[in-house]
Amino acid sequence: MSRTVYVNGEYLPEEEAKISIFDRGFLMADAVYEVTSVLGGKLIDFAGHAERLHRSLALLDMRQPVTDEELLAIHRELVARNGIEDGLVYLQVTRGNPGDRDFAFPDPDQVKAGIVLFTQSKPGLADNPAAKVGMKVISIPDIRWGRRDIKTVQLLYPSIGKMMAKKAGCDDAWFVEDEGVVTEGTSNNAYIVKGGKIVTRQLSEDILHGITRAAILRFAREAQMVVEERAFTVAEAQAADEAFVTSASAFVMPVVEIDGVALGSGEPGPVTRRLREIYLEESRKAAI
Ligand code: PLP
């Protein structure tokens with residue numbers, strides 16, 4: 001069934017939505033994005049995603065084409081028009097269409113940033129059966145660029161990583177650099193649990209500042225759990241009691257195997273299961 005999508009001020013059937021071949025998002029991956037979950041027809045942590053969008057745009061000297069109020073209204077309108085109960089809203093802002101290909105950025109007064117939003121329906125998103133069995137991950141070298149804290153659409157290597165995982169009979173890949181130190185997953189932040197303590201890499205330019213990560217760490221601390229923000233290695237993860245990843249679309253997803261080594265019991269652990277429960281409960285309550 002055809003969706004209604006939003007492109008540069010217009011709501012259109014998806015077949016009629018068009019972007020120029022000169023759009024810099026298409027030619028240069030000169031674009032940033034956000035993905036916001038929808039549960040029960042409501043947006044999860046919209047404020048967090050809007051804030052990170054501001055940051056990504058500011059770091060790339062790009063202007064936000066619509067106000068935050070308009071952005072929220074567009075999200076809600078698309079959710080309503082497409083009857084999304086559970087799913088996602090994808091948002092992309094590009095540096096726009098200068099009418100030709102050129103490495104230099106166009107003057108933002110002459111060329112307006114472009115904006116596209118669409119929904120993806122995912123019935124039962126919060127009841128993903130994968131959360132019951134957990135994921136198997138492989139580790140691969142992190143050869144991405146040095147500003148992974150900016151949420152750009154340069155997703156070729158994460159896509160290659162996902163394919164390498166599939167080829168190895170696994171679900172996802174964790175990026176590693178500096179002798180086996182884990183940065184993050186292809187599209188999620190990575191955590192281990194040892195002796196009840198939750199360990200996840202500290203924020204820097206090396207990883208994306210996950211909106212789900214921020215929420216999880218807040219909920220964990222509120223529940224009196226111990227959190228340590230520091231780097232960890234694949235070997236440390238393999239010796240951990242539990243591991244998991246977080247993202248806006250997967251929430252909290254258990255990891256039960258890393259590079260062929262089963263963690264703990266080989267099943268999703270109690271800390272991971274509890275955090276998933278708390279996250280879903282609190283996020284649903286705060287959804288708008
Ligand atoms: N790290 C990377 C590389 C990602 O692509 C994502 C999400 O797309 C995340 C972490 C998780 O971020 P969030 O929780 O904001 O979805």
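Please read all numbers here as calculations on a predicted model, not as lab measurements.

S.K.: Help me understand the layout of surface pockets in this model?
M.R.: Rolling a probe over the atoms, with the probe sized like a water molecule, indicates the empty space that remains. Approximately 1200 Å³ is the volume found for the largest pocket. Every residue lining the largest pocket is counted, 47 residues in all, and those nearest its centre are Tyr33, Thr186, Ser187, Asn188 and Ser247. Secondary-structure elements contributing two or more residues to the lining of the largest pocket are β3 (31–39), α2 (46–59), β5 (87–94), α4 (130–133), α5 (156–167), β9 (181–185), α6 (211–222) and β13 (242–247). The leading source of residues in the lining of the largest pocket is α5, at four residues. Across the lining of the largest pocket, the residue classes break down as 19 nonpolar, 17 polar and eleven charged.

S.K.: Got a minute to help me understand the environment of isoleucine 21 in this structure?
M.R.: Checked against the element boundaries, isoleucine 21 lands in the loop between β2 (10–13) and α1 (24–28). Overall, the relative accessible area of 56% leaves isoleucine 21 in the exposed class. Setting aside residues up to four positions removed in sequence, isoleucine 21 forms contacts with Phe26 and Leu27.

S.K.: Would you mind going over the packing of α6 against helix α8 (residues 270–286) with me for this structure?
M.R.: Direction vectors running N to C along α6 and α8 enclose 110°, while the axes themselves pass 10 Å from each other. Judged by the angle between their axes, α6 and α8 are roughly perpendicular. Across from Thr212, Ala215, Ile216, Phe219 and Ala220 in α6, the residues of α8 making contact are Leu275, Ile278, Tyr279 and Glu282. When its residues are assigned to classes, the contact of α6 with α8 shows seven nonpolar, one polar and one charged.

Cut-off values and rules
- Residues numbered from 1 in each chain as written.
- Predicted model: local features only at pLDDT ≥ 70, side-chain atom pairs only at ≥ 80, totals over all residues.
- Heavy atoms only, no water.
- 1 Å grid on protein atoms, 1.4 Å probe; cavity = no way out; pocket = protein on both sides within 12 Å on 5 of 7 lines; lining within 4 Å.
- Points joined across faces, edges and corners; volume = space filled by probe spheres on them.
- Helix = DSSP H or I, 4+ residues; strand = E, 2+ residues; numbered from the N terminus.
- Nonpolar A, V, L, I, M, F, W, Y, C, P; charged D, E, K, R; others polar.
- Buried < 20%, exposed > 50% of the residue type's maximum accessible area, 1.4 Å probe, protein only.
- Contact = heavy atoms within 4.5 Å.
- Axes fitted to C-alpha atoms, helices over the stretch in contact; angles between N-to-C directions.
- Parallel < 35°, antiparallel > 145°, perpendicular 65-115°, else oblique.

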